[in-house]
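Summary of the model geometry
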Amino acid sequence: MAPRGRGGNFRGRGSRGRGRGGRGRGRGTSRWGPNRRFDGARVADNEESESGSEQSSEPEDDVMDVDSEEDDDDDEKATARPYMTLLQSLNESSGPTAKRRKLDHRKSSPARDGDPSSPEASGDEAEEDKDIDHAEEEPEDEDAGVEDQPEEDSEDEEDSSDPFDMHFAHPNDDLVAKAVKAVQKGEWATKRALMQSWRATIMSPNSGAVPEVPKPISGVDGLKLKEKLKETASRKIGSFGPVQKNLGSLLFDYRDIMHCDRTVQNSDKMRQLTCLHALNHVFRTRDRVIKNNYKLAKEGEDTELELRDQGFTRPKVLFLLPTRNSCLRIVNMIRDLCEPDQQENRKRFDESYTDKDAKFGDDKPADFRELFEGNDDDMFRLGMKFTRKTIKYFAQFYNSDILFASPLGLRMAIGSEEEKKLDFDFLSSVEMVVVDQADALLMQNWEHVEFIFEHLNLQPKDAHGCDFSRVRSWYLEDWAKYFRQTVILSAFNTPELSELFRLHCHNWAGKVRLQPEYPGTLQLGVKAKQTFSRFQSSSVEKDPDARFEYFTSAIVPSLVKRTKDASGTLIFIPSYLDFVRVRNYFATSSAVNDVTFGAISEYADVPEASRARSHFLNGRHRLLLYTERAHHFRRYQFKGVRRVIFYGLPDNPIFYSEIAGGYLSKSEQDLTIEPGQGGVRVVFSKYDVMKLERVVGSTRVGKMIQERGDTFEYI
């Protein structure tokens with residue numbers, strides 16, 4: 001399967017690209033990505049016959065300088081040694097110190113430690129100004145005096161029924177060892193069940209135990225929360241709905257989750273639940289460390305007390321989000337749940353992440369407004385640090401408890417392989433990853449998401465001030481990825497998400513995939529014959545070639561024979577690679593000399609798209625090629641559509657209704673076509689089963705994939 005990141009671009013494709021905030025960035029690209037022009041349409045007017053070309057280059061982005069470079073002079077002396085060397089030296093020492101693990105800023109500055117969220121150590125003020133997400137330097141132990149003693153609601157004794165203790169702090173070593181061994185061998189026991197209206201696929205490492213269907217929780221009182229959080233959650237969240245009751249039982253059990261039924265209506269409920277879980281995890285980890293610091297301080301330097309309560313680095317939770325506005329929603333929910341007395345850098349955060357002017361009218365659908373209203377910049381990263389009474393925004397990554405980032409922003413923070421300055425140690429001890437709006441991330445550069453998961457929970461290259469006598473044993477054994485919880489929230493499932501779930505979710509506690517029964521979207525609100533044609537494809541790798549062969553041999557001849565009847569035909573193409581192939585075919589093949597066409601992709605600028613829409617409406621272009629990403633980012637309303645051909649089905653079933661139903665309905669209202677005269681033609685193969693199920697419904701999809709006939713019609 002071709003990767004989602006088309007064309008080899010390092011930037012996340014399709015950003016709408018408005019630089020926002022107090023230090024707005026000039027991005028130098030079109031609203032949805034780099035400008036790529038192609039004018040290969042055959043039209044009667046010579047003005048439109050320009051040579052077809054595609055510029056794959058794009059302007060250099062000058063927005064972030066995220067690699068913290070080491071100084072050539074003194075910094076090399078202060079660079080932290082590899083952790084194995086430190087571990088050996090610690091074994092020779094008399095005993096552990098009573099200090100909580102922190103970065104030693106007196107010995108090594110954040111820039112020297114390679115903190116990707118800090119500006120260059122030698123960068124001037126102008127360079128810093130370009131990076132609106134740069135982290136502020138902070139002195140060591142600025143909150144040490146506050147945190148020397150445990151908080152009042154810190155747990156005095158470990159609770160054997162607490163999922164945090166069972167999964168992280170005091171797991172059953174024999175059970176974990178068997179489960180990890182099964183995961184390493186790829187041995188999973190699977191059980192399918194119904195949870196509410198979802199089809200649940202429950203998987204657990206095949207260590208002799210049969211997967212159990214978890215029982216829904218009653219509400220906040222049914223969760224093991226810190227008392228302060230429980231009180232706040234009761235006020236802010238209130239009673240749980242069906243979604244929260246069923247999802248909460250899996251979430252707080254520390255299982256990996258892929259939820260494929262995220263909607264605009266239930267999104268806030270899911271966000272609240274994941275934020276509550278993330279906060280509870282961070283606070284329990286922090287309380288355990290502070291309490292053990294206090295114990296060690298009382299015992300003195302010569303104590304033989306061994307307390308393992310930490311990872312290699314401080315960040316414990318990572319949120320991967322598509323836009324700054326999505327980050328703003330999550331951050332505000334976290335703030336409301338923990339109710340801090342003080343918020344450091346909040347004004348700067350609001351300036352950088354808020355855009356109250358970016359709003360859309362009711363002509364845009366709800367899912368579009370949820371994703372793109374506000375600041376829709378897709379390059380950002382933010383560290384958040386908690387003390388007893390304070391939230392600090394723009395904390396350095398190695399001093400942060402929670403990290404928020406877009407895939408592109410975090411990829412830029414890690415660095416480029418070409419520059420050989422990768423720094424991903426801050427991801428070594430992440431214990432919870434939340435991928436929200438994963439369907440929107442698929443429309444960016446999916447390769448960045450895969451890159452980030454490949455660099456999660458790896459052994460760090462440097463020590464970063466770590467006290468190895470306090471590091472949990474399963475970190476030292478390189479088992480961190482088997483303890484990490486991954487939560488993926490998406491509107492639908494795709495092969496890319498399934499592969500991510502299979503390759504990078506190794507939780508010893510098990511994993512669960514949830515997806516609904518689909519009724520289908522064949523009711524378009526307009527009378528039109530919908531013809532689904534199945535073609536044969538021998539493998540996933542050969543599917544693009546088989547699809548193109550079927551299109552040129554079975555679909556194109558009907559467009560050529562009746563050229564006049566072909567007028568007003570919209571061809572929807574999900575993949576940009578397929579779009580380029582079809583566009584070049586219409587531009588160069590002698591078989592379609594008489595067919596004029598226009599093209600709108602995610603790389604078309606506004607004048608180019610407007611010209612193509614105008615020519616399509618007045619008939620100069622009989623065909624219009626249109627990509628899925630262009631529709632995702634712009635939701636154009638086309639006039640003059642008489643029939644729609646789906647070269648492939650869209651991932652998002654809403655797009656099928658909007659394009660097939662919405663465009664034909666508009667044409668009937670404009671009297672472009674008579675009622676019932678519009679038509680829809682869909683090309684699919686057995687490898688499109690996920691997309692097909694969402695469009696035709698769960699009850700029809702099996703018949704359409706397995707039956708001997710290859711044509712199915714619906715009205």
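Attention here is on the structure that accompanies the text. Computed from a predicted structure; not experimentally measured.

**Some remarks on the sheet that holds strand β5 (residues 342-344)**
Within the open sheet, the 11 strands sit side by side as β1-β2-β11-β3-β10-β9-β4-β8-β6-β7-β5. Their pairing is mixed. If you trace the sheet from one side to the other, it starts and ends with β1 (188-195) and β5, each paired once. Each strand of the sheet is rotated relative to its neighbour by a mean of 15°, with strand direction disregarded. Strand direction decides the pairing type here: strand β2 (residues 198-205) and strand β11 (residues 511-516), joined by six bridges, are antiparallel. Of the residues in β11, the one forming a bridge with A200 is L514. Where helix α7 (residues 242-251) meets the sheet, it contacts β1, β2, β3 (256-259), β10 (485-489) and β11, and its direction lies at approximately 150° from that of β3.

**Concerning the pattern of salt bridges**
Scanning all chains against the criterion turns up 29 salt bridges. A salt bridge links E658 to R635, with the nearest nitrogen and oxygen atoms 3.2 Å apart. Separated by 23 residues along the polypeptide, E658 in helix α22 (residues 653-669) and R635 in the loop between α21 (628-634) and β16 (643-646) bring together distant segments of the chain. For E658, a relative accessible area of 19% gives the class buried. Each of R262, D268, R271, E370 and D436 takes part in a single network of salt bridges with overlapping partners.

**With respect to the pairing of strand β18 (residues 711-714)**
Of the two faces of β18, the one holding F712 and Y714 is buried and the one holding T711 and E713 is not buried anywhere. The pairing of strand β12 (residues 529-534) with β18 spans four bridges and is antiparallel. Paired with F532 across the strands is F712, a residue of β18.

**Description of the sheet that holds β16**
Read across the sheet, seven strands follow the order β14-β15-β13-β16-β17-β12-β18 without closing on themselves; strand pairing throughout is mixed. At either end of the open sheet lies a strand with only one pairing partner, and these are β14 (597-600) and β18. Adjacent strand axes in the sheet meet at a mean angle of 15° when their direction is disregarded. Across five bridges, the pairing between strand β13 (residues 569-573) and strand β15 (residues 623-627) is parallel.

**Remarks on the nonpolar core**
Note that soluble globular proteins tend to have their nonpolar side chains buried in a common cluster. The biggest cluster of nonpolar side chains holds 54 residues, and the ones touching the most others in it are F319, I334, F386 and F404. In contact with F404, not counting residues within four places along its chain, are F319, L321, C327, I330, V331, I334, F380, R381, L382 and M384. By size, the runner-up hydrophobic cluster in this structure holds 39 residues, among which are F638, Y656, L692 and V701.

**A closer look at the environment of L623**
Counting through the fold element by element, L623 comes out in strand β15. Note: C-alpha distance between L623 and A566 (57 residues apart in sequence) is 7.3 Å. Setting aside residues no more than four positions away along its own chain, L623 makes contact with L559, A566, T569, I571, F586, V595, T596, F597, G598 and F616.

**Structural notes on the packing of aromatic side chains**
Within this structure, the stated rule accounts for 34 aromatic pairs. A ring pair is formed by F349 and Y393, whose centres lie 5.1 Å apart and whose planes are at 15°; its orientation type is stacked. With a gap of 44 residues between them, F349 in helix α10 (residues 346-353) and Y393 in strand β7 (residues 390-393) connect regions that are remote in the sequence. Per residue, the accessibility class of F349 equals that of Y393, and both read buried. Linked through ring pairs, F164, F168, Y254, F312, F468, W474, Y475, F483 and W508 together constitute an aromatic cluster. Looking at R411, its charged tip hangs above the ring of F451, at a distance of 3.8 Å from the centre.

Analysis parameters
- Residues numbered from 1 in each chain as written.
- Predicted model: local features only at pLDDT ≥ 70, side-chain atom pairs only at ≥ 80, totals over all residues.
- Heavy atoms only, no water.
- Pairing = 2+ DSSP bridges.
- Helix = DSSP H or I, 4+ residues; strand = E, 2+ residues; numbered from the N terminus.
- Axes fitted to C-alpha atoms, helices over the stretch in contact; angles between N-to-C directions.
- Contact = heavy atoms within 4.5 Å.
- Salt bridge = Lys/Arg side-chain N within 4 Å of Asp/Glu carboxyl O.
- Buried < 20%, exposed > 50% of the residue type's maximum accessible area, 1.4 Å probe, protein only.
- Core = buried A, V, L, I, M, F, W, Y, C linked by side-chain atoms within 4.5 Å.
- Phe/Tyr/Trp six-rings, centres within 6.5 Å; stacked < 30°, edge-to-face > 60°.
- Lys NZ or Arg CZ within 6 Å of the ring centre and 35° of its normal.

What is shown is where atoms sit, not what they do.
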